[in-house]
Amino acid sequence: MSAPALSPTTGTSSLTAAASGTASPTTTTASRPRIVIAGAGPAAQALVRQLIRTPFAGAITVLSNRDDAPEELLELAVLPQVSVRFGQPASYIDAENRVVTTADGMEFTYDELVIATGSAPAETPVEGAGRCLSYSTIDDAARLGEAVKDVTRVLGRRPLGILVGTGSAAGQAEAVLRARGVRPVRTTVRPAAVVPTIAGSVLPASGIVFEDGSSMNGDLVILAEERIARDELAATAGLATAPGGGIVIGQDFRSSVPGIWAIGDAAAYDGVRLGLLVASGSAASVCASQLLQATLARPLAAAA
């Protein structure tokens, strides 16, 4: 795979998977390849969907840190090829023996392990952040565009957007807003709170207030603040990480340790969060094809 493959416009794959859930080394036959995915966010879900479209004939286990069962995960959990373990986040990786342990002590053997634990806000959320639009990965561009379309229709004019943030995510968000016809006003000073609109309004927020009492008003508030990769698992397996956070991957999504891969915001490519470089669906397509090649090559290597 070359660097241009890491682009939001790529994303077809000839892969499909048939897998069943694994619970421990004693419940999975050694003849069936086992893929374990640590994480259950958008990148992990996209990867599972790609794998179940392939001739992959092994087992896929998803380790989720969520105790609840959102609809998108339930859709995967009901598939006979997939086992989703809710409330079982991965906490330790024995890379030599290819075993991942969850926070509750459950152990899962794997042939290939994919870390897709995502990212988290670098700072505590701004008060009222739930009323804002947000931008943290390329996947947010489409959702942001739809929201802008709705607001423009209601206002009957070009919206004024207050954009909060610094760094690459804010730069991308500004480009998306301009392309959608929004007049963005950007601030690098973090607000103390988001100002809600009047009751009954279809607009979620009307402005922001700073610590000194000053404010900025607009039709939309978009938060594009810095995020930190959830890469704590990297240390347990001795994986290389980028200076700014994130598991270092190559163009094929492999980490520095054999049998371990990373995708989504937990990964860093050329020092940048992967979510800022490529859409999750496109990344999942390429990663799935690489995983299939790896699982096919392992039995051949063993036979040789």
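See the structure shown above.
Computed from a predicted model, the values in this text were never measured in an experiment.

Rules and cut-offs
Residues numbered from 1 in each chain as written. Predicted model: local features only at pLDDT ≥ 70, side-chain atom pairs only at ≥ 80, totals over all residues. Heavy atoms only, no water. Core = buried A, V, L, I, M, F, W, Y, C linked by side-chain atoms within 4.5 Å. Buried < 20%, exposed > 50% of the residue type's maximum accessible area, 1.4 Å probe, protein only. Contact = heavy atoms within 4.5 Å. Helix = DSSP H or I, 4+ residues; strand = E, 2+ residues; numbered from the N terminus. Pairing = 2+ DSSP bridges. Axes fitted to C-alpha atoms, helices over the stretch in contact; angles between N-to-C directions.

Engineer: Hey, could you run me through the nonpolar core in this one?
Structural biologist: Where a protein is soluble and globular, its nonpolar side chains tend to be buried together. If you look at the biggest cluster of nonpolar residues, it comprises 54 residues, and the most contacted ones within it are I37, L47, I93, F253, I260, I263 and L274. Setting aside its immediate chain neighbours within four residues, I93 contacts V99, V100, Y110, L113, I115, L233, T236, A237 and I260. If you look at the next biggest cluster of nonpolar residues, it comprises 20 residues, including A170, A173, I222 and A224.

Engineer: Quick question: what am I supposed to make of the environment of R180 here?
Structural biologist: Position of R180 relative to the elements: it lies in the loop between α4 (167–179) and β11 (183–187). When sequence neighbours within four positions are dropped, the list of residues in contact with R180 reads A141, G145 and V148.

Engineer: When you look at the pairing of strand β4 (residues 90–94) in this model, what are you seeing that I'm missing?
Structural biologist: Where β4 and strand β5 (residues 99–102) come together, 4 bridges link them in antiparallel fashion. Residue A90 lies in a different strand from β5, and its bridge partner there is T102. In this structure, the hairpin formed by β4 and β5 is closed by a connection of 4 residues, where R98 is found at a positive phi of approximately 55°.

Engineer: Which parts of the structure should I look at to understand unusual backbone geometry?
Structural biologist: In most cases, non-glycine residues show a negative phi, while peptide bonds are predominantly trans. The phi angle at F253 is positive, at roughly 75°, despite the residue not being glycine. Here F253 lies in the loop between β17 (247–248) and β18 (260–262). Here the phi dihedral of D270 falls at roughly 55°; this positive angle occurs in a residue that is not glycine. With respect to the helices, strands and loops of the structure, D270 is situated in the loop between β19 (267–269) and β20 (272–273).

Engineer: Help me out: how do you make sense of the environment of L133 in this one?
Structural biologist: Structurally, the position occupied by L133 is in strand β9 (residues 133–134). You can call L133 buried: its relative accessible area is 13%. Residues in contact with L133, not counting those within four places in the same chain, are L144, A147, L220, V221, I222 and L223.

Engineer: Help me out: how do you make sense of the sheet that holds strand β7 (residues 112–115) in this one?
Structural biologist: Through backbone hydrogen bonds, the strands of a sheet pair up, either in parallel or in antiparallel fashion. Strand order across the open sheet formed by 5 strands is β3-β2-β1-β7-β18, with parallel pairing between neighbours. Taken across any chain shown, the strands that pair with only one partner, and hence form the sheet edges, are β3 (82–85) and β18. If you compare each strand with its neighbour and ignore which way they point, the axes differ by 20° on average. Examined bridge by bridge, β7 and β18 share 3 bridges and lie parallel to one another. Considered in β18, the bridge of I115 is made with A262. Packed onto the sheet, helix α1 (residues 42–51) meets β1 (34–38), β2 (59–63), β3 and β7 and runs at close to 160° relative to β1.

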